[in-house]
Number of protein chains: 2
Amino acid sequence: MKNRIKELREQKGLTQEQLGTLIGASRQAVNAIEAEKFEPSIWIAYDIAKVFDCAIEEIFLFEESIRKSRAECSRREHNGHSRDSR
Amino acid sequence: MKNRIKELREQKGLTQEQLGTLIGASRQAVNAIEAEKFEPSIWIAYDIAKVFDCAIEEIFLFEESIRKSRAECSRREHNGHSRDSR
DNA sequence: CTAAAATGTCAAGTTAACATGACATTTACT
DNA sequence: AGTAAATGTCATGTTAACTTGACATTTTAG
């Protein structure tokens, strides 16, 4: 998803590795999230937001993002029962 | 993690299943997240927040929550190199 | 009380978010 | 140019956040 990590990180003069250390995550995880390779877990999102003293929504731009994982793709044809089937 | 889903959901007169449908998730997922069985993905957290017209942090109470998953547990003994080792 | 709706919970399977390690490429400095 | 730091990226493995399906328990309403 779209995010402002790189912008804010450089503003603070942090490397990806340093940011990773600050939030207790790997350098590669920071890199991948920053590069929009995958979605952050909610805790990592929160930790990053805290480093930059922001709300999660100010860093991760949900509205402008394309949702790849759930909530689309499947769960499209097999609706109509919805009930647990008892 | 601690959250105010039940409170807000009932305030709106929604069932777990209805909330699940609104955010495109299963009833069981809503139940488990509400009961703090597991952490929501960031998209589910966002969708729930939007249903209740709140910020994520107003619904999921990070500060009061115990972090079970990452950022503790491992990554404690094997520090000191930090660099990729080349 | 009784039936239905809501909720709780378990099993099994899938998927993606991580971790670690390794190597390649780019950036920055002297 | 040369070198070190920073970044990009790939492979492999683990784990937890989901899914569907099924059944048990609790709550609600007539």
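Not measured: the values here are computed from a predicted model.

A word on the pattern of salt bridges
Oppositely charged side chains can form a pair if their charged atoms are brought close together. According to the stated counting rule, one finds six salt bridges over all chains in the structure shown. Across the pair R67(A) and D47(B) runs a salt bridge, and its minimum N-O distance is 2.3 Å. With R67(A) in the segment after α5 (56–59) and D47(B) in helix α4 (residues 42–51), this pair bridges two chains. With a closest N to O distance of 2.9 Å, R9(B) and E34(B) form a salt bridge. On the criterion of sequence distance, the pair formed by R9(B) in helix α1 (residues 5–11) and E34(B) in helix α3 (residues 27–34) is long-range, its members being 25 residues apart. The pair R9(B) / E34(B) is uniform in exposure class, with both members buried.

With respect to the UniProt feature "domain: HTH cro/C1-type" (unreviewed entry) in chain A
Using the residue numbers shown here, the UniProt feature "domain: HTH cro/C1-type" (unreviewed entry) corresponds to residues 5–59 of chain A. Along residues 5–59 of chain A one finds 67% helix and 0% strand; the C-alpha atoms at either end are 7 Å apart.

Describing the side chain of D47(B)
The exposure class assigned to D47(B) is buried, which follows from its relative accessible area of 12%. Apart from the residues within four sequence positions on either side, D47(B) is in contact with R67(A) and I23(B).

Remarks on unusual backbone geometry
One non-glycine residue, E36(A), adopts positive backbone phi at about 65°. Topologically, E36(A) is positioned in the loop between α3 (27–34) and α4 (42–51).

Cut-off values and rules
Residues numbered from 1 in each chain as written. Chains lettered and ligands numbered in written order. Predicted model: local features only at pLDDT ≥ 70, side-chain atom pairs only at ≥ 80, totals over all residues. Heavy atoms only, no water. Salt bridge = Lys/Arg side-chain N within 4 Å of Asp/Glu carboxyl O. Helix = DSSP H or I, 4+ residues; strand = E, 2+ residues; numbered from the N terminus. Buried < 20%, exposed > 50% of the residue type's maximum accessible area, 1.4 Å probe, protein only. UniProt positions renumbered as here; feature names shortened; annotations may be inferred. Contact = heavy atoms within 4.5 Å.

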